Amino acid sequence: MIHTPATNSAFEKRIKRQVIGKPHRFQAVVPLSFEKTLAHELSSILKNGASVKTPDTNSLPHVTGDGKVEFTAKITDAWKAVACSRIANRILMHIADFKAENFRDFEKKAAEIPWELYLDERTGCAQQAIDEKSNSTNSNNVARNTINIHVTCRHSRLYHSEAIAERLLNIIEGGRRLAPAVTASAIPSAGTPHNTPFKVILAKAGISNPIKNFEQHLYVTFLDDRCTIWLDLAGEELYRRGHERFVNDAPLKETIAAAMIFEAQSIALGPSNQSHHIFTQDTPFRATLFDLMSGSGTFSLEAAYMSNGLIPGICRDFALKYQPAFKEATWRFLTRRENGLPPTDERQEVVTATIAKIVTSDISERAIEIIRHNIECSPLTQIKPAPITPQLRDFFSYTSKEIADLCGDTSPILVLNPPYGKRLDFDAPKLYTKIGRHLASLASGLKLLGKTLTVAILAPKDDTRDGARYTCTANLLRECPALSPENNAAAKHIVTSHGGLTLNVLIAKI
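What you see is a predicted model; the values in this text were computed from it and never measured.

Draft legend 1. Molecular detail of the sheet that holds strand 7 (residues 226-232). Pairing within the open sheet is mixed, and its seven strands lie in the order 2-3-1-4-7-6-5. A strand with exactly one partner marks an edge of an open sheet, and here the two such strands are strand 2 (62-65) and strand 5 (147-154). Shown here is a sheet whose adjacent strand axes are inclined to one another by a mean of 30°, direction ignored. As paired elements, strand 1 (residues 24-29) and strand 4 (residues 90-99) share four bridges and run antiparallel to each other. Along strand 4, the bridge assignment pairs Ala 28 with Ile 91.

Draft legend 2. Layout of helix 2 (residues 35-45). Judged by how many residues are buried, helix 2 sits mostly within the fold: eight of eleven residues are covered. Elements that come into contact with the buried residues of helix 2 comprise strand 1, strand 2, strand 3 (68-73), helix 3 (75-84) and helix 8 (254-269).

Draft legend 3. Just unusual backbone geometry, in detail. Put simply, Lys 384 and Pro 385 share a cis peptide bond, and its omega is -5°. With phi around 75°, Ser 33 is a residue other than glycine that occupies positive phi space.

Draft legend 4. Region of interest: the sheet that holds strand 12 (residues 454-460). Overall, mixed pairing links the seven strands, which are arranged 10-9-8-11-12-14-13 in an open sheet. Each having just a single partner strand, strand 10 (391-392) and strand 13 (491-498) make up the two edges of the open sheet. The pairing of strand 8 (residues 287-291) with strand 11 (residues 411-416) spans five bridges and is parallel. Bridging across to strand 11, Thr 288 finds its partner in Pro 412. Most of the contacts of helix 12 (residues 365-376) go to strand 9 (residues 355-362), to which it runs at about 140°, and overall it touches strand 9 and strand 10. Strands strand 8, strand 9 and strand 11 of the sheet are contacted by helix 13 (residues 400-407), whose axis makes an angle of about 130° with strand 8.

Draft legend 5. The environment of Ala 489, seen in detail. Residue placement: Ala 489 occurs in the loop between helix 15 (472-479) and strand 13. Taking the relative accessible area as the measure of exposure, Ala 489 reaches 83% and is therefore exposed. Taking the C-alpha atoms as reference points, Ala 489 and Ala 508, 19 residues apart in sequence, are found 8.6 Å from one another.

Draft legend 6. Focus on the pairing of strand 14 (residues 501-509). When strand 12 meets strand 14, the two strands line up antiparallel, connected through seven bridges. The residue of strand 14 that forms the bridge with Thr 454 is Lys 509. Here strand 13 pairs with strand 14 via eight bridges, running antiparallel. Within strand 14, the residue paired with Ser 497 across the bridge is Thr 502. Linking strand 13 back to strand 14 in an antiparallel pair, the connection comprises two residues, with Gly 499 at a positive phi of about 60°.

Cut-offs applied
- Residues numbered from 1 in each chain as written.
- Predicted model: local features only at pLDDT ≥ 70, side-chain atom pairs only at ≥ 80, totals over all residues.
- Heavy atoms only, no water.
- Pairing = 2+ DSSP bridges.
- Helix = DSSP H or I, 4+ residues; strand = E, 2+ residues; numbered from the N terminus.
- Axes fitted to C-alpha atoms, helices over the stretch in contact; angles between N-to-C directions.
- Buried < 20%, exposed > 50% of the residue type's maximum accessible area, 1.4 Å probe, protein only.
- Contact = heavy atoms within 4.5 Å.

Shown next as C-alpha cells:
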C-alpha cells in the first residue's frame, strides 16, 4: 500500500483511535515467585494513569500465573511501565485472541488482524529467525528490523510451532498492509515534499541514526485450541539496563536484585507495612544498604538507581520506539521527570527514596575493579558525591559495632549473593555455614546497640538425594534459624530460578 500524505493522515487517525486512544490488555513477565512484588510495583507506576482508574479490578495489575502479571491500561501507560519497572523482564501487548483448530482457521483469523497498526514496513520486510541467511538489499535507507515469532502449543490440535510461525510470518509479509517505515515518531510534517530524502525526514523528527537493526518479538500461545498473540514492547529483556557491564562469576540479574531489595525494604518496615508501602512515601523510612559480597555490584547499582531517581531504562532502547503508535513527544513527557531530576510527587510513586547510603565491598580485587568499571559506564558516574565507593574487604571482618556506626540514624539492610555453584572450586555448604553463624552474631550484637538487621540472601536449593552433601540452605538455616518463616514471623521464603538453578531467597528481620 502506498501511503500518500492524505492516507498518512487517515492512518494516524486509525492509530489514535484503535491503538493509543483505548485501553488494552498487557502481560508483564517477571522472575518466578516475584509476581506479587511486580503487581505492587506496577500498581504504583500506573497510579496516575487514567485508564486504570476504573472500578473493574481486572484492570489493575494482578497475578495470572507463574511469572505472569496482567493489567489493562492505555498504551502510553504501558510505555511508562516499560521505562520504569525495575522487576519486569518483558511487557507484552495483547493483539488478538481467537479459536483455531486447523491451519485454515488460523490463517483466516490471523489475516484479519490489522498488522499495520502494530508493525511497520521495516519489520514486515525483514526475515524471521527461521530464514536468517537471506539479506535484504532494498535500496531505501531504512533500518531492517527482524521479526521473531515465539510459539508455544499445549493441548491443541495445532502443535507444530515452526509451521505456525512460518504461516504467521507469511501472512504479515504477504499482506503488505503494514505502516510506512517512517512511523509516528518520524511522520513528515505538513508541507514536507513527498520525495524528501528519508535521512532529512528523520533529522527533522530528531532521529539522528536512521540505520539501525531492531528486533520485534511476537509471542503466540495455543492452549486448548485457542490462539493468543502478544506484541513485545521491550525488545531485549528489561534486566539489560543498556550500559556496558562487566560481570564476575555467576552474575545476578538486575530484575531479581531489584525485587529482593524491594522485599527487604518491605520486611524492614515491619508487620504493619507488609502491603509493599515501600513503593510510596507514605511511611518515612531510611536505610543503609550493605552489599558486602558484591561481586559485579548488581545490588549496589540497582540501589543507587533507586535512591537517585534514575529510571532503569535511561541508557537503553526499546522495541516500542520502532512501532507505528510511538510518539517521541509523549515518551519524553512520560520519562523526563524520572531521569535523576529533583524528586516530584509523580516520581516518588515509582522510586523509593528510603536508601540513604550504600556500603559496597568484596574480598576480590577483580570484583572491585569490575564494580568501578560498571559505575563508570553508567549514569551514576555523573552523580556527586559518588553513591557507590567499593572497598576491598572480607565480609567476615565486619562487626556489629562497625555496621551500627555506618548506619547512623538509619536501619541496616544486608543483601548477599554468595558464590554457590557446584563447579566452583570451594566448599559452598561450608561457606553457608560460616555465613549463617556470622549473620546470627551480627544480629545479636546489633540488637544490643538498638538496631535490627534485615537480611536478604540467595541460597541454592539443597540436593536431597541420599548421601548428597550439597546442603547450603540447610546449613545456613541451622546456624541462623531466624531466616526461616517457621521460626520468624518477620521472614519470607521465595523460591525462584536463575541460570538454570533453583534458588531460595530468604528475607528476614533478624
